[in-house]
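Spelled out from the first residue to the last, the chains are:
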Amino acid sequence: MTISGRGELTDQQRAVRRQSLSVAGATSVYGISLGALGVSSGLTVWQTCLTSLLLFSGGSQFALVGVIGGGGSAASAIAASSLLSVRNAFYAVQLNALLRPRGLRRVPAAQITIDESTAVAVAQPEVGLARQGFWTTGVAIYVCWNLMTLVGALAGNALGNPKNYGLDAAASGAFLALLWPRLKDRRTVAMAIAAALVAAALVPAIPVGLPVVAAAGVAILVGATGPQPMPPAVDEEASS
Amino acid sequence: MTVWTAVLVSSAIAFGLKLVGYLVPARWTRHPRVATTSALLPACLLAALVVVQTFTQGHHLTLDARAVGLAAAAVALVLRAPFLVVVIVAAAAAAATRALGWG
């Protein structure tokens, strides 16, 4: 380990930069599929690009275009997208405690608070590196994700009937790929299956888009009433 | 107009949720039930989205080429393929199935 001079990166900082940029590269490529799915779901190129500029949360964007493409109402598209965004609020709480951004810096920090920037930040051994990892990952993904969305939207527009290219199935594959890494424990797998069954059962009965929102009810119900995975902290009671 | 509403309102809510996390006192969110719910929510929503995107047409449950695409995506995921490969495999499998005259 060498002490670096002004403007030079330490080995650790170089490692963080490498990690941030590789995460950003891997993530951004699938902005192409979002762009193509957006226009095939009935959004214009401009609307599709705005979801990446403003909404900027992959899962929520896929949900939004998925519900609209399926013929759902604006309200159910908003609900599905927003419920998927809730986790970002929890990332923000963690990052706020870890990075302590001040004043107006919290505005751009909020915009780039997503799965990947949070993951890179919390993986660092100390706060300076965490800060570097968060900003490098977040900004790099923001720039690349938006460029790739535009590329995908223009390509999707040029392709014609999306069904001929299986773009509707591409959305299925995208949702499954987003779900996959979350299926780490038996409880989550059971919950996901329950949510899938609830959604399937409700499809014939309630307006398009709402079955997805109802599935969120499964998570809320079990989270609010079910057994807890970890016992709550009881330090005070235990010592008294 | 409806699409504009969906895009703009979703964006405003998404940003609001992110920003509020930087502004609320951390203890408000430390309740274990809040943490459990927020961990389960994405998995449940995504599972429901898989089903609705793959097996429905409006109000009907259907089985068509999209199911073949989904199965191919699952195989790709088991083989640890990266995201973009999974998506392309799903699309290609469904397109091939349709080219063969089914779904």
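Since this is a predicted model, take the numbers as computed values, not measurements.

A. Structural view of the overall build of chain A. Within chain A, the secondary structure is distributed over 12 helices and 0 strands. Counting from the amino terminus, helix and strand elements in chain A follow one another as α-α-α-α-α-α-α-α-α-α-α-α. Judged by the C-alpha coordinates and their principal axes, chain A covers about 60 × 60 × 30 Å. Looking at chain A as a whole, 52% of its 240 residues are labelled buried. Once local pairs closer than 6 in sequence are excluded, the contacts in chain A between residues at least 24 apart make up 70%.

B. How the structure looks around the overall build of chain B. Within chain B one finds 4 helices and 2 strands. Listed N to C, the secondary structure of chain B is α-α-β-β-α-α in terms of helices and strands. On C-alpha atoms alone, chain B measures out to a radius of gyration of 19 Å, which is more than a quarter above the 13 Å that the 2.2 N^0.38 rule sets for 103 residues. Here chain B holds 103 residues, and 48% of them are scored as buried. Within chain B, contacts between residues at least 6 apart in sequence are counted, and of these 34% link residues at least 24 apart.

C. Representation of helix H10 (residues 186-202) of chain A. Its 17 residues give H10(A) an end-to-end C-alpha distance of 24 Å, which sits within 8% of 24 Å, the value for a rise of 1.5 Å per residue. Residues of H10(A) that are buried include every one of Thr188(A), Met191(A), Ala192(A), Ala195(A), Ala196(A), Val198(A) and Ala199(A), and no others. The buried residues of H10(A) all sit within an arc of 160° when viewed along its axis, so they share a single face. Away from its buried face by more than 90 degrees, H10(A) exposes Arg186(A) and Ala190(A). As for H10(A), its buried residues are in contact with helix H9 (167-179) and helix H11 (210-225) of chain A together with helix H2 (32-55) of chain B.

D. Layout of the nonpolar core. Core analysis: the biggest nonpolar cluster contains 107 residues, and Ala195(A), Ala215(A), Cys44(B), Leu45(B), Ala47(B), Ala48(B) and Ala90(B) have the highest contact counts within it. With 15 residues, helix H5 (residues 74-99) of chain A is the single largest residue contributor to this core. Leaving out residues up to four positions away in the same chain, Cys44(B) has contacts with Met191(A), Ala192(A), Ala195(A), Ala215(A), Ala216(A), Val218(A) and Ala219(A).

E. Looking closely at the interface of chain B and chain A. Opposite the 67 residues of chain B that make contact, chain A presents 89 residues. Breaking the side of chain B that touches chain A down by element, the ones donating at least two residues are helix H1 (2-23), H2, strand S2 (60-61), helix H3 (65-78) and helix H4 (83-99) of chain B. The element best represented in the side of chain B that touches chain A is H2(B), accounting for 21 residues. Among the residues forming the side of chain B that touches chain A, the class breakdown is 47 nonpolar, 16 polar and 4 charged.

F. A look at the packing of H5(A) against helix H8 (residues 127-159) of chain A. Residue and element names in this part refer to chain A. Contact geometry of H5 with H8 gives a least axis separation of 10 Å together with a crossing angle of 135°. Here H5 lies oblique to H8, going by the angle between them. Where H5 approaches H8, its residues Leu95, Leu98 and Leu99 are matched on the opposing element by Val127, Ala130, Arg131 and Phe134. Taken together, the residues of the contact of H5 with H8 sort by class into 6 nonpolar, no polar and 1 charged.

G. Main features of the packing of helix H2 (residues 31-40) of chain A against H8(A). All names here are of chain A. Closest axis-to-axis distance for the H2/H8 pair is 6 Å, and the angle between their directions is 45°. Considering the angle they form, H2 stands oblique to H8. In this structure, H2 meets H8 at a crossing whose hand is right-handed. Only Cys144, Trp145, Met148, Thr149, Leu150, Val151, Gly152, Ala153, Ala155, Gly156 and Asn157 of H8 make contact with H2, whose side of the interface consists of Gly31, Ile32, Ser33, Leu34, Gly35, Ala36, Gly38, Val39 and Ser40. The class makeup of the residues in the contact of H2 with H8 is 11 nonpolar, 9 polar and no charged.

H. Spatial organisation of unusual backbone geometry. Although it is not a glycine, Arg100(A) sits at a positive phi angle of roughly 45°. Mapping Arg100(A) onto the fold places it in the loop between H5 and helix H6 (106-111). Although it is not a glycine, Arg80(B) adopts a positive phi angle of roughly 60°. The residue Arg80(B) is located in the loop between H3 and H4 in this model.

I. Just the confidence of the model for chain A, in detail. Residue and element names in this part refer to chain A. Looking at chain A as a whole, the pLDDT averages 86, with 92% of positions reaching at least 70. Of all secondary-structure elements in chain A, the lowest mean pLDDT belongs to helix H12 (residues 235-239), at 36, while helix H3 (residues 45-55) reaches the highest, 97. Low pLDDT, under 50, characterises residues 230-240; the predicted model gives this stretch 2 contacts beyond four residues in sequence or across chains.

J. Spatial organisation of helix H7 (residues 115-122) of chain A. Those residues of H7(A) lying buried are Glu116(A), Ser117(A), Thr118(A), Val120(A) and Ala121(A). Buried residues belonging to H7(A) abut helix H1 (11-29), H5 and H8 of chain A.

Calculation criteria
- Residues numbered from 1 in each chain as written.
- Chains lettered and ligands numbered in written order.
- Predicted model: local features only at pLDDT ≥ 70, side-chain atom pairs only at ≥ 80, totals over all residues.
- Helix = DSSP H or I, 4+ residues; strand = E, 2+ residues; numbered from the N terminus.
- Buried ≥ 20, exposed ≤ 12 C-beta atoms within 10 Å, placed from the backbone.
- Contact = placed C-beta atoms within 7 Å.
- Rg over C-alpha atoms; globule rule 2.2 N^0.38 Å.
- Expected span 1.5 Å × (residues − 1).
- Arc of directions from axis to C-beta.
- Core = buried A, V, L, I, M, F, W, Y, C linked by C-beta atoms within 7 Å.
- Nonpolar A, V, L, I, M, F, W, Y, C, P; charged D, E, K, R; others polar.
- Axes fitted to C-alpha atoms, helices over the stretch in contact; angles between N-to-C directions.
- Parallel < 35°, antiparallel > 145°, perpendicular 65-115°, else oblique.
- Left-handed = near helix turned anticlockwise from the far one by under 90°.
- pLDDT = per-residue confidence, 0-100.

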